[in-house]
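Structure at a glance
Below, each chain spelled out in residue letters.
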Amino acid sequence: LSSSLSVTTSESNLSVASLSDLISVYPVPSDGMVFIDYRGNDHPSVCVMDVLGSTVYSCVLVSNSTALDLRNLSKGIYIISLSVGMDRYRGRLIIE
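Nothing here was measured: the structure is a model prediction, and the numbers come from that model.

Here we come to the side chain of Ser81. Turning to its location among the elements, Ser81 is positioned in strand β6 (residues 76-84). Judged by relative accessible area, Ser81 falls into the buried class, the value being 5%.

This is the structure in structure tokens:
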């Protein structure tokens, strides 16, 4: 008896770089205009939360360079979360 084993992999299942390596969020601190550069092929969802965990802004990135106008938010510290599939990036935003 002979048997053969076939292994198939999909490139989308292989993580070459972590999500944090593909994202730049700046400037920190900010006056409310926040810029996101994303060097991936997907469309990450963005969520900005206050320190209590309430969502104050959300969107889906449709281009690799995006400006978020958060000038309507109060001065303070916020958490920004970007997610693609099961990968997630979290960072801190400071609005002055």
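Take the pattern of salt bridges next. This model, assessed by the stated rule, comprises one salt bridge. Across the pair Asp69 and Arg71 runs a salt bridge whose closest N-O atoms are separated by 2.8 Å.

In this fold, Asp87 is placed in strand β7 (residues 87-95). Separated by 69 residues in sequence, Asp87 and Ser18 place their C-alpha atoms 7.9 Å apart.

Together, Val51, Leu52 and Ile77 line one region of the surface with nonpolar side chains, adding up to about 350 Å² of accessible area. Tracing the chain through its elements places Leu52 in the loop between β3 (45-49) and β4 (55-60).

The subject of this paragraph is the sheet that holds β3. Note on sheets: strands pair through backbone hydrogen bonds, and any given pair is parallel or antiparallel. If you walk across this open sheet you meet the four strands as β4-β3-β6-β7, and the pairing is antiparallel. Since the sheet does not close on itself, it has two edges, and those belong to β4 and β7, each with one partner. Taken pair by pair, the neighbouring strands of this sheet meet at an average axis angle of 20°, ignoring direction. For β6 and β7, the ladder comprises nine bridges, and the chain directions are antiparallel. Across the sheet, Val84 pairs through a bridge with Asp87, a residue of β7.

Taken as a whole and assessed by the stated rule, the structure comprises one aromatic pair. For the pair Tyr26 and Phe35, a centre-to-centre distance of 5.8 Å together with 25° between the ring planes defines the contact as stacked. Under the relative-accessibility criterion, Tyr26 is labelled partly exposed at 37%.

Now for the nonpolar core. Within the largest apolar cluster, 19 residues are counted, with the highest numbers of intra-cluster contacts made by Ile23, Val25, Ile36, Leu70, Ile80, Leu82 and Leu93. Counting only elements with at least two residues in this core, the list comes to β1 (23-26), β2 (33-38), β3, β6 and β7. Per-element accounting of this core gives the leading share, four residues, to β6.

Within a regular strand, side chains alternate between the sheet's two faces. Judged by which residues are buried, β1 turns out to be one-sided: Ile23 and Val25 face inward and are buried, whereas Ser24 and Tyr26, on the alternate face, are not. Between β1 and β2, which pair antiparallel in sequence order, lie six residues; one of them, Gly32, sits at a positive phi of approximately 120°.

For the rest of this paragraph, the subject is unusual backbone geometry. Trans peptide bonds make up the majority, and among non-glycine residues the majority have a negative phi. Omega for the peptide link from Tyr26 to Pro27 comes to -10°, which places this bond in the cis form. The topology assignment puts Pro27 in the loop between β1 and β2. Here the residue pair Val28 and Pro29 is connected by a cis peptide bond, since its omega of 5° sits within 30 degrees of zero. Tracing the chain through its elements places Pro29 in the loop between β1 and β2.

Calculation criteria
Residues numbered from 1 in each chain as written. Predicted model: local features only at pLDDT ≥ 70, side-chain atom pairs only at ≥ 80, totals over all residues. Heavy atoms only, no water. Helix = DSSP H or I, 4+ residues; strand = E, 2+ residues; numbered from the N terminus. Buried < 20%, exposed > 50% of the residue type's maximum accessible area, 1.4 Å probe, protein only. Salt bridge = Lys/Arg side-chain N within 4 Å of Asp/Glu carboxyl O. Patch = residues over 30% accessible without salt bridge, like charges linked within 9 Å, V, L, I, M, F, W, Y side chains within 5 Å. Areas by Shrake-Rupley, 256 points an atom, 1.4 Å probe, with all protein chains shown as cover. Pairing = 2+ DSSP bridges. Axes fitted to C-alpha atoms, helices over the stretch in contact; angles between N-to-C directions. Phe/Tyr/Trp six-rings, centres within 6.5 Å; stacked < 30°, edge-to-face > 60°. Core = buried A, V, L, I, M, F, W, Y, C linked by side-chain atoms within 4.5 Å.

Read these as layout, nothing more, since geometry by itself doesn't imply function.
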